[in-house]
Amino acid sequence: MSAPLRRVAERTPPGRDRHIDLLRAVAIVLVVLGHWLAVVVTYRGRIGGDTVLAFVPWARPLTWLFQVMPVFFLVGGFAGAASLGSYRRRGGDAIGWFLCRTDRLIRPTTAFLLALGGAALIALLLGADPATVGMGVWLACLPLWFLIAYVTVVLLTPVLLALHRRAGLAVPAVFAVAVAFGDAARLLGGPGVIGAANYLLAWAAVYQLGIAWREGALSARPRVAVPMIVSGLAALVLLTVPGPYPVSMVTDPGARLQNTSPPTLALLALAVAQTGVALLLHERGGRMLRRTRPWTVVVAANSVIMTVFLWHMTAVVIAVLALYVTGLLPQPPPGSAAWLLLRVPWLAFLTATLAVLVAVFARFERRAFKRRAFERRGGPCPAPGPGRAGASTLAATVAGAGLVVAGLLGTALTGTEGLSAPRLPVHFAVFFAVYFAGAALLWAARSWHRRVA
């Protein structure tokens, strides 16, 4: 471990909740590992693929272990409430906090899209098949789904925090009821737009649980944690086994209803159980992380966590070209003993590839990360001045966030169908441009806000 990171770890204030950082690091490892294990690649003169769930039905319950995106939103709500509260106590406003908070998300994402777009353009100019290029871009962009919802709930943090202080745990409960109505609309063939609202409502509910944890409404004690685990798992079993929801907590090609697109009540049940586990392990995790070595590992992981998340599916694209198109990796039937054994070199190659990508692109995240992030109780945002955001800063912030979300959404919504159409490069260029316009507005808003402050 590098000496600078060790020094950062040693200077961490005693008041920082290190367990939250551990949860974030463990979650990213499970997400990456789950995605890598789930990918099934075929090459018969043309690249194809599917998820392992289409071939190995017994793997569906395992998704309960690897679907840990709720942990990201739980941790995000906790950290967001802590950071916003600290920033306000130092005299800052919500707009300044949001601009600072999203800087670490936007910088590495912008670098990712620039590099990806450049690589796709070069491939097309060299005569690559547009369908293949499109599939590669689509696969690499799969992690963007997380950012769409996450940027939105971060923007809404001041509102969600105010709602918690007024209504407490009733807020996530109301969100859960709204999610149930959205599910019912889908199950009964109602308007799809009702169910689509769950993309925000479900993740906001989990984010709200993190706020409740930070604000003390959820205590990290067994008498709170154990009932959450038991009730969450019981609800999950009832909703999926005899109930109408699929067992898989990720996309399952054979299921009429999906638990993640949009998120369902079943996924919220899993989130409740995961929240209980996080609460139950809080004291033990905190004790372990008082030691310098494990805490330094967690600090190092968190310093590149967005880079790892953004690029881990790009590593899959590279591995497909290097291992399958060249014929280096055999293609036994998915789920067979030989296929399972070949997961070992597959994971090894992906790990090495991702390590190279992180070494190249982590600099963009670390610029926003700032080593002071773990050295100061207040978090990574600099001490605010006495100013407040003006109308122009507020408008640029809201418009920038909206354009960023719209650009990411347009990119992520592009499926594998129709990717061979001549409009493919134009399609991605348009949505990339929308994203970059939003990122530029947020950068301008940050500059204006600094001058005002």
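Residues numbered from 1 in each chain as written. Predicted model: local features only at pLDDT ≥ 70, side-chain atom pairs only at ≥ 80, totals over all residues. Heavy atoms only, no water.

> Where do I start with the overall build of the protein in this structure?
Tallying secondary structure elements over the protein gives 19 helices and two strands in all. In summary, the protein has a C-alpha radius of gyration of 22 Å against a globular reference of 22 Å for 453 residues, a match within 12%. Buried positions account for 51% of the 453 residues belonging to the protein. Considering only contacts within the protein whose residues lie at least 6 apart along the sequence, 82% involve residues at least 24 apart. As presented, the protein carries roughly 19,900 Å² of accessible surface, and 69% of it is formed by carbon and sulfur atoms. (Helix = DSSP H or I, 4+ residues; strand = E, 2+ residues; numbered from the N terminus. Rg over C-alpha atoms; globule rule 2.2 N^0.38 Å. Buried < 20%, exposed > 50% of the residue type's maximum accessible area, 1.4 Å probe, protein only. Contact = heavy atoms within 4.5 Å. Areas by Shrake-Rupley, 256 points an atom, 1.4 Å probe, with all protein chains shown as cover.)

> Could you clarify how one ought to interpret the side chain of histidine 19 in this entry?
Within the secondary structure, histidine 19 sits in helix H2 (residues 18-38). Apart from the residues within four sequence positions on either side, histidine 19 is in contact with Trp213, Ala278, Leu281, His282, Gly285, Gly286 and Leu289.

> Teacher, can you tell me more about a nonpolar patch on the surface here?
On the surface, Val226, Val230, Val277, Leu280 and Leu281 cluster together into a nonpolar patch covering about 370 Å² of accessible area. Those elements that provide at least two residues to the nonpolar patch are helix H12 (222-240) and helix H13 (265-280). (Patch = residues over 30% accessible without salt bridge, like charges linked within 9 Å, V, L, I, M, F, W, Y side chains within 5 Å. Salt bridge = Lys/Arg side-chain N within 4 Å of Asp/Glu carboxyl O.)

> Just checking my understanding: could you explain helix H7 (residues 144-155) for this structure?
Residues spaced three or four apart along an α-helix face the same direction, because each turn holds 3.6 residues. Compared with the 16 Å implied by 1.5 Å per residue over twelve residues, the 17 Å span of H7 between its first and last C-alpha is a close match. The buried fraction of H7 is high, at nine of twelve residues. Buried within H7 are the following residues: Leu144, Phe146, Leu147, Ile148, Ala149, Tyr150, Val151, Val153 and Val154. Each element contacted by the buried residues of H7 is listed here: helix H4 (69-89), helix H5 (94-125), helix H8 (157-167), helix H11 (198-215), helix H16 (305-324) and helix H18 (391-412). (Expected span 1.5 Å × (residues − 1).)

> Just checking my understanding: could you explain the packing of aromatic side chains for this structure?
In this description, a pair of aromatic rings is defined by centroid distance and the angle of the planes. In the structure shown here, the tally under the stated rule is 16 aromatic pairs. Taken together, a centroid distance of 6.2 Å and an interplanar angle of 55° make the contact between phenylalanine 72 and phenylalanine 309 tilted. You can see phenylalanine 72 sitting in helix H4 and its partner phenylalanine 309 sitting in helix H16, a full 237 residues away along the chain. For phenylalanine 72, a relative accessible area of 10% gives the class buried. Classification of phenylalanine 309 by relative accessible area gives buried; the value is 4%. Residues phenylalanine 73 and tyrosine 150 carry aromatic rings whose centres are separated by 5.6 Å and whose planes lie at 70° to one another, so their mutual orientation is edge-to-face. Note that phenylalanine 73 is positioned in helix H4 and tyrosine 150 in helix H7, a separation of 77 residues in sequence. There is no split in this pair, since phenylalanine 73 and tyrosine 150 are both buried. One aromatic cluster is present, built from ring pairs that chain together Phe72, Phe73, Phe146, Tyr150, Trp203, Tyr207 and Phe309. (Phe/Tyr/Trp six-rings, centres within 6.5 Å; stacked < 30°, edge-to-face > 60°.)

> Please clarify how H13 should be interpreted in this entry.
The terminal C-alpha atoms of H13 lie 23 Å apart, and with 16 residues this matches the ideal 22 Å at 1.5 Å per residue to within 8%. Among the 16 residues of H13, twelve are classified as buried, and the element is accordingly described as predominantly covered. Among all positions in H13, only Ala266, Leu267, Leu268, Ala269, Leu270, Ala271, Ala273, Gln274, Thr275, Gly276, Ala278 and Leu279 are buried.

> What exactly am I supposed to notice about the pattern of salt bridges here?
Any two side chains of opposite charge can pair, on the condition that their charged atoms come close. Enumeration according to the criterion identifies nine salt bridges in this entry. For glutamate 365, the salt bridge goes to arginine 104, with nearest N and O atoms at 2.9 Å. Of the two residues, glutamate 365 sits in helix H17 (residues 337-369) while arginine 104 sits in helix H5, which places them 261 residues apart along the sequence. Notably, a salt bridge pairs arginine 186 with aspartate 183, separated by 3.6 Å at the nearest N-O pair. You can see arginine 186 and its partner aspartate 183 sitting in helix H9 (residues 170-187), three residues apart, about one turn around the helix. Salt bridges sharing partners connect three or more residues here, namely Arg16, Asp21 and Arg24.

> Would you take a moment to explain the confidence of the model for the protein for this structure?
Detailed reading of the predicted coordinates is not advisable wherever pLDDT falls low. Confidence along the protein averages 87 in pLDDT terms, with 90% of residues attaining 70 or more. Looking at the elements of the protein, mean pLDDT is at its lowest for helix H1 (residues 3-10), recorded as 72, and at its highest for H13, recorded as 97. Under a pLDDT of 50 for its full length, residues 374-379 has, in the predicted model, 24 contacts with residues more than four places off or in other chains. For the stretch residues 416-420, pLDDT sits under 50, and the model shows ten contacts to residues farther than four places along the chain or on other chains. (pLDDT = per-residue confidence, 0-100.)

> Please clarify how the environment of glycine 96 should be interpreted in this entry.
With respect to the helices and strands, the residue glycine 96 is situated in helix H5. For the pair glycine 96 and threonine 296, spaced 200 residues apart in sequence, the C-alpha to C-alpha distance is 29 Å.

> What exactly am I supposed to notice about the packing of H2 against helix H15 (residues 292-303) here?
Angle between the axes and distance between the axes: these two values describe a pair of packed helices. Direction vectors running N to C along H2 and H15 enclose 55°, while the axes themselves pass 9 Å from each other. If you check the angle between H2 and H15, you find them oblique. Of the two elements, H2 crosses H15, and the hand of that crossing is left-handed. In contact with Arg18, Asp21, Leu22, Arg24 and Ala25 of H2, H15 contributes Trp295, Val298, Ala301 and Asn302. Split by residue class, the contact of H2 with H15 holds five nonpolar, one polar and three charged. (Axes fitted to C-alpha atoms, helices over the stretch in contact; angles between N-to-C directions. Parallel < 35°, antiparallel > 145°, perpendicular 65-115°, else oblique. Left-handed = near helix turned anticlockwise from the far one by under 90°. Nonpolar A, V, L, I, M, F, W, Y, C, P; charged D, E, K, R; others polar.)

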